[in-house]
Amino acid sequence: MSADDTPRRNAQPETTIRRMPWPEGVSRPVATPMQPSVVYAAESPDALDAQYEGVTSGYTYAREGHPNADVLARRIDRLEGATDGLVTGSGMGAAGALMLGLLKSGDHVLGGDQLYGRTLRMLREDLPKQGIATSLVDMSSVETVAAALRPETRMILLEVVSNPTIRLADVDGIAALARERGIRLVVDNTFTTPRSFRPFDHGADIVIHSVTKLLAGHSDATLGYVAARDPGDREAIRVATTTWGFTPSPFDCWIAERGLFTFDLRYDRAEANAAALADRIAGLPGVARVLYPGRADHPDAARAANLLGQRFGNMLSFEVTGGRAAANALVRAMPDLPFAPTLGDVGTTLSHPATSSHRALTPEARAAMGISEGFFRVSVGIEDIALLEADFTRGIAAAAAAAAG
Ligand SMILES: *Cc1c(COP(=O)(O)O)cnc(C)c1O
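Residues numbered from 1 in each chain as written. Predicted model: local features only at pLDDT ≥ 70, side-chain atom pairs only at ≥ 80, totals over all residues. Heavy atoms only, no water.

Let us now look at empty space enclosed by the protein. For the structure shown, the criterion picks out three cavities of 30 Å³ or more. For the lining of the largest cavity, the class distribution of residues is eight nonpolar, four polar and one charged. Structurally, the lining of the largest cavity is a two-domain feature, drawing no fewer than three residues from each of domain 1 (45-260) and domain 2 (263-404). By volume, the second largest cavity amounts to about 60 Å³. (1 Å grid on protein atoms, 1.4 Å probe; cavity = no way out; pocket = protein on both sides within 12 Å on 5 of 7 lines; lining within 4 Å. Points joined across faces, edges and corners; volume = space filled by probe spheres on them. Nonpolar A, V, L, I, M, F, W, Y, C, P; charged D, E, K, R; others polar. Domains from an automatic or database assignment.)

See below:
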């Protein structure tokens, strides 16, 4: 065998593994870069030490924080008037981080009885397993809330607008009560968004969001947000987020931050559409009632005006007569509208609580909440209003025909 037959070896076998430094330049990108790096290299043990001691700032490991989460969090902070809020991997992650960070066995939490379905489950089943007692009450009356408080109540959790019956919580009354008793008030501001309501201006101690919904706005990112007024609470929530792994994905943060650029425009348009659509639907045969906080016939119209100003949001509910048959006919006559249990998308979506979010309840329990087989919740989007009016007119006519037949 001659020397020429020896297989040639690559002079540098590891070249596919060594990373290239990021090209530095004197200009910087206008759009936020997407940074998927899980780890961040430090210059030396001294530099790492300085970073951990808070002398310098930087990142180390993505579960503990990363630039895309921070860019998004700072932008939501500005909307909410918050300091150092945290973005989490989902809205439920925000709720989980706050419960695990702030509560302990023996504590009691009071929640609204018409919270988001998964939050209700957390309060009914998951927190009690950790030795945390919970009770659920109607948040539209501060007297009911006051009567349900216990000496060990540490937290009150409410949504400003209830789901799906669109009732308004007595936020100001409950905030005053919570302050007087030294109990944290947590507001889930997902439905109202800071464009309609800023919980910190009304005495809330903590604000949470499902960023998945209106803030991100395109049904393509699952994220949450939590901000606390008290620095000690903030740190406890941050530690829980890191320890329990509620950290968001950089890509979701990046795409949600992009969605946020049009949030004001989307919200204003969806809100104007919702107001017009509520009035249009209310006059149609077969419609038993329409629930929109901006309408004079809303049961909490005065409180809505007081809390929300003229910002009544994009969510409305309505009820058709004729039961399940009418409901089926309505959905089938509106095939262009996603019939899906979500909200806050750019496009209008329709949900039917009796078969989705509230299916676990007995028909009697649903009836007590005013949720019949003909009850729908609508998350109004930014389509041309003429298109929406045509869709709903057709759907409701089909429901009325089914009810008559
Ligand atoms: C969707 C939603 C949540 C949960 O958020 P996810 O991002 O789905 O985890 C919490 N509260 C409200 C009001 C919601 O609509």
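Now for unusual backbone geometry. Across residues other than glycine, the phi torsion is negative in most instances, and most of the peptide bonds are trans. Going from Asn163 to Pro164, the amide bond is cis rather than trans, its omega being 5°. Along the polypeptide, Pro164 turns up in the loop between strand S4 (153-159) and helix H6 (171-181). Non-glycine residue Asp84 carries a positive phi angle of around 50°. Topologically, Asp84 is positioned in the loop between helix H2 (67-80) and strand S1 (86-88). Unlike most non-glycine residues, Thr193 shows phi in positive territory, near 60°. Assignment of secondary structure puts Thr193 in helix H7 (residues 193-196). (Helix = DSSP H or I, 4+ residues; strand = E, 2+ residues; numbered from the N terminus.)

This part covers the domain arrangement of the chain. Annotation of the chain at the domain level lists domain 1 (45-260) and domain 2 (263-404). Distance from the C-alpha centre of domain 1 to the C-alpha centre of domain 2: 27 Å. Listed as interface residues are 31 residues of domain 1 and, on the opposing side, 33 residues of domain 2. The interface formed by domain 1 and domain 2 includes four salt bridges. With a shortest N-O distance of 4.0 Å, Arg303 and Asp170 are connected by a salt bridge. Our enumeration of links across domain 1 and domain 2 arrives at 18 residue pairs in polar contact (both at pLDDT 80 or more). (Contact = heavy atoms within 4.5 Å. Salt bridge = Lys/Arg side-chain N within 4 Å of Asp/Glu carboxyl O. Polar contact = N/O pair within 3.5 Å; in protein donor to acceptor, adjacent residues only side chain to side chain.)

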